[in-house]
Each structure stands twice: as structure tokens, then as C-alpha cells.
Amino acid sequence: MTAGTLAMPRRPPIERVPPIASTRLAMIALITTELMLFAALIGMYLVIRLSRPTWPPAGQPRLPLLVTVINSLVLFASVAPVTAALGAIRRGVPQRAARALLLTTALGVTFLVIQGAEWTRLVHHGLTLGSSQYGGAFYLLIGCHAAHVLTAVLWLGTVTALAYRGWWRADAYAGLEMCAIYWYFVAALWAVLFPLVYLY
Amino acid sequence: MTTRLRWSIPLLLSALLVRASAALAQGCAMCGNSFEPNDPTTRAFNSSVLFLMLAPYAIFFTAVACVVLLYRRGMAGRRGIIVPLHRRRASLPVDGPKEVTP
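Residues numbered from 1 in each chain as written. Chains lettered and ligands numbered in written order. Predicted model: local features only at pLDDT ≥ 70, side-chain atom pairs only at ≥ 80, totals over all residues.

Draft legend 1. The arrangement of the overall build of chain B in detail. Each helix and strand counted, chain B has 4 helices and 0 strands in total. Ordered by position from N to C terminus, the α and β elements of chain B give α-α-α-α. For chain B, buried positions account for 1% of its 102 residues. (Helix = DSSP H or I, 4+ residues; strand = E, 2+ residues; numbered from the N terminus. Buried ≥ 20, exposed ≤ 12 C-beta atoms within 10 Å, placed from the backbone.)

Structural data, given as C-alpha cells:
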């Protein structure tokens, strides 16, 4: 038996993939901190809301319900295309994913524009940040959510532009996935805030 | 630690909690004295305090559950990897190591 026959074939190196991707862990940590922020804001809103026998207080305008319901449907509908985009990237169809992401971004912008228009109307009716506790709580809570939607829309825009350049592949789409998770979080948060502020 | 001692400590703590007076539960003197017992503001503060007590635990355990679920899914995916043994056997040299039977 020669030395040549004793030489064992080289095994391919074992790829050390962590059971949980670091990006997912980071996103869980981020969303946990965001949830704590919103829990504190909801606690503040509950104190103001429950201490008043009548809501909204006398002399303050009512919140527009119908437009906000339509706006909520726009936001919830935007979850479908972002899910489709994720599926398309996994199946290796990046062009379809880019189109779905563009639709999600458009729906997000629509949500922001409608909400901005409603806020302008409310300000004209006398509901401002300093007009009462009602106005302060409303603008703080809903404004904080709107700031998150704006951040998510900017992120979606970046992800969409990268998708049109062919940046995302079936084996490398962590940035797109994180953006989708953040968008789910923003939509799920609205599912809590809308009944609390507009219906309760 | 004997069994009797091990059981007596939780029982003692439970009895203390049951017999605790309302004065002990009054955290802040200002909050306790500023509002009437049936004041709407008092009730609002109480509800908000309950919510803010529950929220961190709910959020923390949800996050932990997410991490555990992702970890278990990741480990299951790792165990499910099919190692192509036939390729490795084919690449072995003809006079390679043979199985030793006892």
C-alpha cells in the first residue's frame, strides 16, 4: 500500500449556518423595542381616554371614520403584494417581485397621503396637538405610527429600486425579507391602533 | 433543604400576599390621596397600570416564543439535510480503508 492510496479524499467543508439568521434576530429585537414604545403610548392614551366620561370631549371634532376605514383597507391590502413579492423571489422570478414591491410602495404612499389629508382637515376643524389632551394623545399615537409607516415606505422604495436592478436572488434576499417583516409589523400595529383610537 | 422547609416558604409567602392590607398596595402617596376611590381618573390610571404591567411580559414571551420557533425550525432543517453518500463512496480510492468486522 503506497502513500498515494492512503490519502483520503478531501471532504467538502461543512457550511456553518446558524439555526436562526442574525438578520431575523435583529428584526425580532427591533420589533420588541418598538412594541414597548407603542405599549407605553397606548397606556398614555388609555389614561386620557378612560378618565373622560364623554369622548371626544366637548368642543372637539369627531374623527373621520369612513375615510379611515377605507385607508385601513388600503394598508391591509398592501400586505398581499409584499407576500407575493417574497414568494416570487423564492421561486426565482425577480421581475414579478419588483412589480409587487412597487404596488406595496404605492399603497403605502396612498395610506400616508390620505392620512395627511385627514389631518389637515382635522387641524382646520380645531384639533391640534395643543388644543386638548384629546388632540395631543391622538397626534402622538397616530403620528408615531405614521412616522413608522413613512420609514417603512422609504425602506420599501429602496428595496423596490434594488429589485428592479436585480439585486435580490433566490438565495440572497435577507434585506427584502426584513423589509417585509417590518411592513407586516406596521400593518398589524394599525390593526390594534385603529379600533382603539377610532372605534373605542 | 428538607421537604417541610421547601413547602413552608411558598405557603408563608402566599399567606402574606393574601393577608396583605390595602395600604401596602398603595405605591405612591400622591396618587393614592389625590383621587377619590370611584373617580374616573383613578379607574383610568388603574386600567392603564394593569395594561402596562401585562404588556412587557406579553411582548417578551412572544419574542422568546418567536426565537424558539425559529431555532427549532432551523435545527429541523439542518437535520433534514440529505448527505449524498453515494458520491463520497464513489470518490474513495480502490484500496481505501475497509470495514473492520469484530
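Resuming the write-up.
Draft legend 2. Main features of helix 6 (residues 133-164) of chain A. With 32 residues, helix 6 of chain A should cover 46 Å at 1.5 Å per step; its first-to-last C-alpha distance of 46 Å lies within 8% of that length. The positive-phi residue at the C-terminal boundary of helix 6 of chain A is A:G166, with phi of around 75 degrees. (Expected span 1.5 Å × (residues − 1).)

Draft legend 3. View of the interface of chain B and chain A. Of the residues lining the interface, 24 residues belong to chain B; the matching set on chain A comes to 18 residues. The greatest single-element share of the side of chain B that touches chain A, amounting to 20 residues, is contributed by helix 3 (residues 40-79) of chain B. Considered class by class, the residues forming the side of chain B that touches chain A number 16 nonpolar, 5 polar and 3 charged. (Contact = placed C-beta atoms within 7 Å. Nonpolar A, V, L, I, M, F, W, Y, C, P; charged D, E, K, R; others polar.)

Draft legend 4. Representation of unusual backbone geometry. In this chain, A:W55 is followed by A:P56 through a cis amide linkage whose omega measures 0 degrees. Tracing the sequence through the fold places A:P56 in the loop between helix 2 (22-50) and helix 3 (65-77).

Draft legend 5. Highlighting the packing of helix 2 of chain A against helix 7 (residues 174-199) of chain A. All names here are of chain A. Here helix 2 crosses helix 7 at 15 degrees, and the two axes come no closer than 11 Å. Considering the angle they form, helix 2 stands roughly parallel to helix 7. By crossing handedness, the relation of helix 2 to helix 7 is classed as right-handed. In contact with T23, M27, I31, F38, I42 and Y45 of helix 2, helix 7 contributes A174, M178, I181, F185, L189 and L196. Counted by class, the contact of helix 2 with helix 7 contains 11 nonpolar, 1 polar and no charged residues. (Axes fitted to C-alpha atoms, helices over the stretch in contact; angles between N-to-C directions. Parallel < 35°, antiparallel > 145°, perpendicular 65-115°, else oblique. Left-handed = near helix turned anticlockwise from the far one by under 90°.)

Draft legend 6. Spatial organisation of the nonpolar core. Residue and element names in this part refer to chain A. Counting 29 residues, the largest nonpolar core has A85, I89, A97, L101, L176 and W183 as the members making the most contacts within it. Broken down by secondary-structure element, the contributors of at least two residues to this core are helix 4 (79-91), helix 5 (94-124), helix 6 and helix 7. Counting residues per element, this core draws most heavily on helix 7, which supplies 9 residues. Contact partners of L101, with chain neighbours within four places excluded, come to V82, A85, L156, V159, T160 and A163. Of all hydrophobic cores here, the second largest spans 5 residues; its members include I42, Y45, L46 and I48. (Core = buried A, V, L, I, M, F, W, Y, C linked by C-beta atoms within 7 Å.)

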